[in-house]
Amino acid sequence: MKELIKAIDELPLLVKVILAIPALDIVWGIYRICRSLDKNNAVGIVISILLLFVPFMWLIDIILILMKGTVWSMD
């Protein structure tokens, strides 16, 4: 799981933004769940699963990727 997190963190900015478009945003949902699982954060896991069903989360992800280089997650 740490390899997946590291691989996604090292992606170029353009690829991260492309992965945040609505149809591909599931990648960031899985990323959030994996980060929470890796840190044994039960609240983060629950919130990450709930965020999979938020229809405008892709827009928030794009904004955060452009601002700080990563998506919002519970760390």
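Residues numbered from 1 in each chain as written. Predicted model: local features only at pLDDT ≥ 70, side-chain atom pairs only at ≥ 80, totals over all residues. Heavy atoms only, no water.

A. Local environment of the packing of helix H1 (residues 2-9) against helix H3 (residues 26-38). In contact at an axis separation of 10 Å, H1 and H3 are set at 130° when each is read in the N-to-C sense. Relative to H3, H1 is oriented oblique. Judged by the sense of rotation from one axis to the other, the crossing of H1 with H3 is left-handed. Counting all contacts with H1, which are made through Lys-2, Leu-4, Ile-5, Ile-8 and Asp-9, the residues of H3 involved are Val-27, Trp-28, Tyr-31, Cys-34, Arg-35 and Asp-38. Grouping the amino acids of the contact of H1 with H3 by side-chain chemistry returns 7 nonpolar, no polar and 4 charged. (Axes fitted to C-alpha atoms, helices over the stretch in contact; angles between N-to-C directions. Helix = DSSP H or I, 4+ residues; strand = E, 2+ residues; numbered from the N terminus. Parallel < 35°, antiparallel > 145°, perpendicular 65-115°, else oblique. Left-handed = near helix turned anticlockwise from the far one by under 90°. Contact = heavy atoms within 4.5 Å. Nonpolar A, V, L, I, M, F, W, Y, C, P; charged D, E, K, R; others polar.)

B. Representation of the pattern of salt bridges within the structure. Enumeration according to the criterion identifies 3 salt bridges in this entry. Among the ionic pairs, Glu-10 bridges to Lys-6, the shortest N-O distance being 4.0 Å. By relative accessible area, Glu-10 is classed as exposed at 56%. Here Asp-61 makes a salt bridge to Arg-32, at a shortest N to O gap of 3.0 Å. One end of the pair, Asp-61, is in helix H5 (residues 57-68); the other, Arg-32, is in helix H3, and 29 residues separate them in sequence. By relative accessible area, which is 2% here, Arg-32 ends up buried. (Salt bridge = Lys/Arg side-chain N within 4 Å of Asp/Glu carboxyl O. Buried < 20%, exposed > 50% of the residue type's maximum accessible area, 1.4 Å probe, protein only.)

C. Representation of the nonpolar core within the structure. Of all hydrophobic cores here, the largest spans 10 residues; its members are Ile-5, Ile-8, Leu-19, Ala-20, Trp-28, Tyr-31, Cys-34, Ile-62, Ile-65 and Val-71. The set of elements that each furnish at least two residues to this core consists of H1, H3 and H5. Leaving out residues up to four positions away in the same chain, Ile-8 has contacts with Lys-16, Val-27, Trp-28 and Tyr-31. (Core = buried A, V, L, I, M, F, W, Y, C linked by side-chain atoms within 4.5 Å.)

D. Highlighting unusual backbone geometry. Even without being a glycine, Asn-40 presents a positive backbone phi close to 55°. Within the element layout of this structure, Asn-40 appears in the loop between H3 and helix H4 (42-51).

E. Region of interest: H4. Turning to H4, its buried residues are Gly-44, Ser-48 and Leu-51. Taken end-on, H4 shows its buried residues confined to a sector of 60°, consistent with a single buried face. In H4, the exposed positions that point more than 90 degrees away from the buried face belong to Ala-42, Val-43 and Leu-50. Close packing links the buried residues of H4 with H3 and H5. Looking at where H4 begins, the residue whose side-chain oxygen comes 3.3 Å from the main-chain nitrogen of Val-43 is Asn-41. (Arc of directions from axis to C-beta. Polar contact = N/O pair within 3.5 Å; in protein donor to acceptor, adjacent residues only side chain to side chain.)

Just geometry here; none of it tells us what the structure is for.
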